[in-house]
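# A look at the structure
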Amino acid sequence: MKGLPSRLLLALLLCILYGSTFAFIASNIDSTLITQFDDTVISVVQGWEADWLTPIMKTFTFIGSTKVVILLVLIGFVILFFGLRNRSQAFFFLFVMAGTGLLNQSLKFAFQRARPDTNRLIDITGFSFPSGHTMLAFSLYAVSAYIVWRHIQTATSKVALVTFVIFMFGMIGTSRIYLGVHYPSDIVGGIAASAFWVIVATAVYGFIQRRRQRKFGQ
């Protein structure tokens, strides 16, 4: 690793971290350790149940739904492609989100984990692991932050951006546990899978962009 550029080395280390996290959860999904983790977190989060909080959690789940995410992706693509005239970022954005959806469906089909069947506050079908809402939310807000980050200068703006991103995908993931449609390990696994994919896609995109800059700079 000595000869690797610092950016590539960081991307590699993060991929190992998130890939290992996902692999650990996936290979131990029925173990006592994961079951105890799920039960503990579910007990805490669902212990918050209140008449005023349930509509809020349903709102975050709606924001993370496939229909809303597709709408936001289309809006983002139009802004990047037609508004900012940055075609490479527009297609990169679309590629990451399409890849996230395909990856999530592939993983759900591979693991076919049944959803929790107690204390559900909404009706839903399909497999549980990893959480589609969480994966889509993480990719959407992470890749959006990556693009916006390159256009802001102040430290305050960057802190606000990171805080917003963490808050959004954190709340969407938490809402799925609160509403009884996902195990906490579905959420953590979804974050790990999406993070791995976003890092790989971003590293490849950055590499291509740097090569293009060097080529046309000469």
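Right, let's walk through the structure included here.

Parameters at a glance
- Residues numbered from 1 in each chain as written.
- Predicted model: local features only at pLDDT ≥ 70, side-chain atom pairs only at ≥ 80, totals over all residues.
- Heavy atoms only, no water.
- Core = buried A, V, L, I, M, F, W, Y, C linked by side-chain atoms within 4.5 Å.
- Buried < 20%, exposed > 50% of the residue type's maximum accessible area, 1.4 Å probe, protein only.
- Helix = DSSP H or I, 4+ residues; strand = E, 2+ residues; numbered from the N terminus.
- Salt bridge = Lys/Arg side-chain N within 4 Å of Asp/Glu carboxyl O.
- Axes fitted to C-alpha atoms, helices over the stretch in contact; angles between N-to-C directions.
- Left-handed = near helix turned anticlockwise from the far one by under 90°.
- Contact = heavy atoms within 4.5 Å.

## A word on the nonpolar core
The biggest cluster of nonpolar side chains holds 43 residues, and the ones touching the most others in it are Phe-93, Val-96, Met-97 and Tyr-141. Secondary structure elements with two or more residues in this core: helix H2 (32-46), helix H3 (53-63), helix H4 (66-83), helix H5 (87-111), helix H6 (132-149), helix H7 (155-178) and helix H8 (184-217). Of all the elements, H6 adds the most residues to this core, at nine residues. The next biggest cluster of nonpolar side chains, apart from the first, holds nine residues, and it includes Leu-107, Phe-129, Met-135 and Ala-193.

## Thoughts on the pattern of salt bridges
The tally for this structure, following the rule as stated, stands at two salt bridges. When the shortest N-O distance is used, the salt bridge between Asp-38 and Arg-113 registers 3.1 Å. Of the two residues, Asp-38 is situated in helix H2 and Arg-113 in the loop between H5 and H6; the sequence distance between them amounts to 75 residues. For Asp-38, a relative accessible area of 1% corresponds to the buried category. A relative accessible area of 12% places Arg-113 in the buried class. When salt bridges that share partners are traced, they join Asp-38, Arg-113 and Asp-186 into one network.

## Looking at the packing of H3 against H7
Across the interface, H3 lies against H7 with an axial gap of 8 Å and an inter-helix angle of 115°. The two elements H3 and H7 meet at a crossing, and its hand is left-handed. Contact with H3, carried on its side by Leu-53, Thr-54, Met-57, Phe-60, Thr-61 and Ile-63, involves Phe-167, Met-168, Met-171, Ile-172, Thr-174, Ser-175, Arg-176 and Tyr-178 of H7 and no other residues of that element.

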